[in-house]
Amino acid sequence: MTEKELMLSGQLYFSGDKELSEERKRTKKLTRLYNNTTEEELEYRTELLSELFGSLGKNAWIEPDFHCDYGYNISIGNNFYANYGCIILDVCSVNIGDNVFFAPRVSLFTATHPIDAEVRNSGLEYGKPITIGNSVWIGGGTVINPGVSIGDGTVIGSGSVVTKDMPSNVIAAGNPCRVIREIIDKDKQYWQRQAELYKTAMYTKAPSE
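Anyway, here's the lowdown on the structure attached to this text.

What counts, and where the lines are drawn
- Residues numbered from 1 in each chain as written.
- Predicted model: local features only at pLDDT ≥ 70, side-chain atom pairs only at ≥ 80, totals over all residues.
- Heavy atoms only, no water.
- Helix = DSSP H or I, 4+ residues; strand = E, 2+ residues; numbered from the N terminus.
- Buried < 20%, exposed > 50% of the residue type's maximum accessible area, 1.4 Å probe, protein only.
- Contact = heavy atoms within 4.5 Å.
- Areas by Shrake-Rupley, 256 points an atom, 1.4 Å probe, with all protein chains shown as cover.
- Polar contact = N/O pair within 3.5 Å; in protein donor to acceptor, adjacent residues only side chain to side chain.
- Pairing = 2+ DSSP bridges.

Thoughts on the overall build of the protein
Now for step 1: Scanning the protein from N- to C-terminus turns up 5 helices and 20 strands.
Now for step 2: With the C-alpha coordinates aligned to their principal axes, the bounding extent of the protein is approximately 65 × 40 × 25 Å.
Now for step 3: Relative to its full complement of 209 residues, the protein shows a buried share of 38%.
Now for step 4: Within the protein, contacts between residues at least 6 apart in sequence are counted, and of these 27% link residues at least 24 apart.
Now for step 5: For the protein, the exposed area adds up to about 11,900 Å²; of that, 53% sits on carbon and sulfur atoms.

Printed below as a string of structure tokens:
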């Protein structure tokens, strides 16, 4: 197997491999171009993300600056938003569902290293995939560790370090991240009511003079 094949399969591989090094150079070029775009260059931004990622849904918005290792291991659904300073180390697959929001400085790390120092110092490393379901909101400064899955509808609080899978429809936070409580019908009713009040306020707003 090639080093790339080993990497993608989650086995130990040598990160200094020539093919992988060249691919990381390509990614650095694309992310540099993206991070240097302006807010008027929306079409160009979409072109760069489409070239960078394995798949990209509709209405994806990533605030510069953004960084990743390879890009082609990242699949993003519709209506994705990532605020400033997002980092995705994608030596293995990263699958992100629809309607996912990242606050500033969210980091996803599929890359990890052997515990044994001698093996680690030899340049061997490996990775584990990350999966994020639909309608997930991840708070600022959160780190998602290798091999983690987050279920649909879940909210991860700011500053969390997610070291294990999180179920659907919960609020979770902390270091290490843990489930605080389930998201229940009462939450839905409260926020639906707030949305209705917002609509009422907008409809009754006095016209501009």
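Now that the structure is up, let's keep going.
Focus: the environment of Ser-135
Now for step 1: Note on placement: Ser-135 falls in the loop between strand S13 (130–132) and strand S14 (137–138).
Now for step 2: Take Ser-135: its relative accessible area is 40%, and that puts it in the partly exposed class.
Now for step 3: Separated by 29 residues in the primary sequence, Ser-135 and Val-106 place their C-alpha atoms 16 Å from one another.
Now for step 4: Among all residues touching Ser-135, those that are not within four sequence positions of it are Asp-98, Asn-99, Val-100, Gly-153 and Thr-154.

What to know about the environment of Glu-125
Now for step 1: Along the chain, the position of Glu-125 falls in strand S12 (residues 124–127).
Now for step 2: Owing to a relative accessible area of 11%, Glu-125 belongs among the buried residues under this scheme.
Now for step 3: With 115 residues separating them along the chain, Glu-125 and Gly-10 place their C-alpha atoms 9.3 Å apart.
Now for step 4: In this structure Glu-125 touches Gln-11, Leu-12, Tyr-13, Ser-15, Val-91, Ala-111, Thr-112, His-113 and Pro-114, once residues within four positions along its chain are discounted.
Now for step 5: Side chain to side chain, Glu-125 and Tyr-13 meet in a polar contact 2.6 Å long.

Comments concerning unusual backbone geometry
Note on backbone geometry: most residues besides glycine have negative phi, and most peptide bonds are trans.
Now for step 1: At the junction of Pro-64 and Asp-65, the peptide bond is cis and its omega measures out at 5° in the coordinates.
Now for step 2: Summarising the element assignment, Asp-65 is placed in the loop between strand S3 (61–62) and strand S4 (66–68).
Now for step 3: Following Asn-175, the chain continues to Pro-176 via a peptide bond in cis, the omega torsion being 0°.
Now for step 4: Positionally, Pro-176 belongs in the loop between strand S19 (170–173) and strand S20 (178–182).

Some thoughts on the sheet that holds strand S1 (residues 13–14)
For sheets, the rule is that strands pair by backbone hydrogen bonds, running either parallel or antiparallel.
Now for step 1: Across the sheet, which stays open at both edges, the 3 strands sit in the order S1-S12-S11 with antiparallel pairing between neighbours. Edge strands, defined here as strands with exactly one partner in the open sheet, are S1 and strand S11 (111–112).

With respect to the pairing of strand S7 (residues 86–89)
Now for step 1: Side-chain alternation along S7 places Cys-86 and Ile-88 on a buried face and Ile-87 and Leu-89 on a face that remains uncovered.
Now for step 2: In terms of strand pairing, S4 meets S7 through 3 bridges, oriented parallel. Residue Cys-68 lies in a different strand from S7, and its bridge partner there is Ile-88.
Now for step 3: Alignment of S7 against strand S10 (residues 107–109), held across 3 bridges, turns out to be parallel. Counted as the bridge partner of Ile-87 is Ser-107 from S10.

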